[in-house]
Amino acid sequence: MKINHKMISDHMVLQRGEAFSLTGETDATNVTVNMNGKVYEANVNQGNFEAIIPADDMLAGGPYELTINEESNTVTYKDVLIGDVFFMAGQSNMEFPVSGIYANYKDQVDEFDSEFVRQFKVPTSYDFHEIYTDVPAGKWVNAIGDDKADFGAIGFFMAKKLYLENKVPIGLIQVAVPGCPIESFISEENLKTLGIEFDVSNLNNKWMAEKIQEENDNWNSRVAHLLSEDEKINHTYKKTIVPVLIDCDEDSRAGIFTFKRKVNLKNVPEEDGILKLGLIVEIDETYVNGVKVGTSEHQYLTRRYTVPKNVLKQGENEIVIKVIATNGICRLWEKLEYSLTVGEETIDLTGVWEYSKGYFEKEEFFTRTFFEYKPIGCYNAMIAPFEGLKAKGILFYQGESNTDKPEGYKEKFEVFIKQVRKLFDQPELPIYYVQLAGYEDINDEGGYRWEALRLEQEKAQSIKNAYMIISKDVGSPTDLHPQNKLALGERIANLI
C-alpha cells in the first residue's frame with residue numbers, strides 16, 4: 001500500500017467542514033479507513049483507491065488515529081487533528097522564520113507552546129518538465145520549543161492569535177520561496193493566458209543541480225580565499241562613522257573590510273548578549289573578543305547575533321566585523337539599529353568605529369543562478385502537488401521581485417488566485433495578502449516602481465474574497481524584511 005502524499009502523515013492537520021479524500025495505491029481489492037470510531041469504505045479501481053470522509057464527519061478536534069486497512073496490511077497515522085488549514089505562499093517575507101524576529105519578540109514567542117498549531121514546510125523545489133503529484137519533502141512540526149524557530153513568523157503569529165481565541169487546531173502549509181517573482185508560482189498553461197511564453201528546453205534537472213553545486217563551491221571558495229589572504233595583511237586602521245557606505249574603485253571589486261570597536265560593559269554579564277548590526281552589504285563574519293558569534297551570507301539578512309555570556313566580560317570588549325564586498329560596495333545600512341544589549345544594559349553602536357581596507361581583487365563575484373526565479377518551476381514542484389487540498393484560506397506575501405515591472409501585476413495575481421482555488425476545488429476560498437511595505441530600493445530611485453506595485457495590489461481588492469493587509473506603517477525604509485511580523489500576523493487573524 002502506498003499513500004499518495006507526504007502531507008498524509010503523523011501529526012497532520014485536516015480542514016474541518018470539508019470532505020477529506022484519501023488516495024493511494026494498493027494490491028488489495030478491499031480497503032477501509034477508520035477515524036474517530038467510524039469506518040469508511042474505499043473505492044478500489046485498477047490498483048488505486050480513494051476513501052472519502054464526508055464533510056459532516058470533519059468536525060474540529062483530535063488528536064485522532066487514522067487507520068487504513070487492506071486485506072493483508074494496516075497503516076496507522078497518529079496524532080491527527082481536524083481544524084483550519086492555511087496555505088502560505090510567497091517569497092522571503094512569507095518564509096521569514098520565527099528565528100529571524102526572535103530577539104525582538106522573545107516574550108511573545110516563548111509564552112506560546114501548542115501541540116494544536118502545526119506547520120508543514122515544503123523546501124524550495126522546482127521542475128520545468130514535470131508537474132508533481134507529491135512534494136519532494138516536508139513533515140508536520142508542532143509549535144513547541146525550539147521547533148517554533150522554523151515556523152513562518154507571519155503564520156505563527158496569526159495561528160497563535162486564532163488558536164487562543166477559538167481553540168480550533170491550526171495547520172500551516174508553507175510553500176514560500178525567497179526571491180521568487182509571481183510567475184514562478186503560475187502554471188505554464190496559465191502563463192500562456194497572460195501572453196507569457198517560457199522556453200524550458202535547456203533546463204535539464206541534472207545539469208541544473210550540477211551548475212548550482214559548482215556555483216556554490218566556487219562562491220564559498222572565493223570567500224574563503226579572500227578571508228585567508230586578508231589574514232596575511234598588516235592592517236592599518238582609520239576612523240569612520242557607522243552607518244557607512246564605501247564605494248570602491250574599479251580595481252577593488254571583491255575583498256575584505258574590517259571594522260572594529262571597543263565597548264565597555266558596566267556589569268558582569270549574567271546572560272547572553274544580543275548584537276544587532278542592521279543590514280550589511282554583502283557578507284559578514286562577526287567576532288566578539290576574538291570569538292565568532294555570527295555570519296550572514298547576503299545583504300537581505302537582518303543581523304541579530306547572540307553573544308554567549310562567557311564570551312563577554314565586565315569592562316572592555318572588542319567587536320570585529322569582517323565585511324566581504326562582492327561587487328565593490330561595502331555598506332552598513334542607515335536607519336537601522338546597531339547595538340549590543342546585555343541584560344538591562346544597551347550600548348548604541350552607531351558612531352565612531354575603526355576600519356581597514358584589506359585584501360582586494362579586481363574581479364567582482366559572479367552573479368549566481370537561481371533557477372527557482374524562472375517561471376513555472378515552483379508551481380510544478382510546490383503548488384501543483386496540493387491538488388485536492390482543502391483549506392480555510394490562502395496567505396500570500398509577494399511582490400518585491402516584481403517591482404522591476406509592476407504593470408500587469410494585478411492580472412497575474414488574479415490568475416494565481418483562480419489557479420489555487422481551482423486546484424483546491426474551492427472557488428471562493430479567501431486569500432489574505434500583504435501589501436508591500438515602504439522599502440527604499442536603491443534600484444528604484446524615487447520609489448515609483450514600488451509604489452506602482454502597491455497600487456496594483458490595491459486594485460486586487462476588487463477580486464472576490466481577496467483581503468489586503470497594509471504593512472507600510474510597520475516596515476522599514478532600509479529593511480526588505482520588516483521585523484514586525486507580529487502585527488501582520490495579527491492583522492490577518494483579525495480578518496478571518
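Heads up: these notes are all about the structure in this document. (Residues numbered from 1 in each chain as written. Predicted model: local features only at pLDDT ≥ 70, side-chain atom pairs only at ≥ 80, totals over all residues. Heavy atoms only, no water.)

**What to know about the sheet that holds strand β24 (residues 345-348)**
Within the open sheet, the four strands sit side by side as β20-β16-β23-β24. Their pairing is antiparallel. Strands with a single pairing partner mark the edges of an open sheet, and in this sheet they are β20 (304-307) and β24. Averaged over neighbouring strand pairs, the angle between their axes works out to 15 degrees when direction is ignored. (Pairing = 2+ DSSP bridges. Helix = DSSP H or I, 4+ residues; strand = E, 2+ residues; numbered from the N terminus. Axes fitted to C-alpha atoms, helices over the stretch in contact; angles between N-to-C directions.)

**Description of the sheet that holds strand β7 (residues 48-53)**
The sheet built from four strands is open, its strands ordered β1-β3-β7-β6 with antiparallel pairing. Two strands close off the open sheet at either side, each with one partner strand: β1 (2-3) and β6 (43-45). Where strand β3 (residues 20-25) lies against β7, six bridges are found, and the strand directions are antiparallel. Across the sheet, G24 pairs through a bridge with F49, a residue of β7.

**A short note on the side chain of R331**
Note on placement: R331 falls in strand β22 (residues 329-332). Within the structure, the side chain of R331 is placed 2.7 Å from the side chain of E334, a separation counted as a polar contact. In this view, R331 contacts V244, L245, L279, I280, V281 and I442; residues no more than four positions away in its chain are not counted. (Polar contact = N/O pair within 3.5 Å; in protein donor to acceptor, adjacent residues only side chain to side chain. Contact = heavy atoms within 4.5 Å.)

**Describing the packing of aromatic side chains**
Enumeration over the complete set of coordinates arrives at 25 aromatic pairs. Taken together, a centroid distance of 5.8 Å and an interplanar angle of 20 degrees make the contact between F259 and Y355 stacked. Taken together, the residues F259 in strand β15 (residues 254-265) and Y355 in strand β25 (residues 351-361) connect sequence positions 96 residues apart. You'll find F259 and Y355 in the same group, each marked buried. In this structure, K357 is placed above the aromatic ring of F360, and the distance from its NZ or CZ to the ring centre is 4.9 Å. The ring of F96 carries the charged tip of K485 above its face, separated from the ring centre by 4.7 Å. (Phe/Tyr/Trp six-rings, centres within 6.5 Å; stacked < 30°, edge-to-face > 60°. Buried < 20%, exposed > 50% of the residue type's maximum accessible area, 1.4 Å probe, protein only. Lys NZ or Arg CZ within 6 Å of the ring centre and 35° of its normal.)

**Focus: helix α6 (residues 205-231)**
The end-to-end C-alpha separation of α6 is 39 Å, in line with the 39 Å expected for 27 residues at 1.5 Å each. Listed as buried for α6 are M208, E215, W219, R222, V223, L226, L227 and D230. At its buried positions, α6 is contacted by β15, β18 (283-288), β21 (315-325) and β25. Looking at where α6 begins, the residue whose side-chain oxygen comes 2.9 Å from the main-chain nitrogen of K206 is N204. (Expected span 1.5 Å × (residues − 1).)

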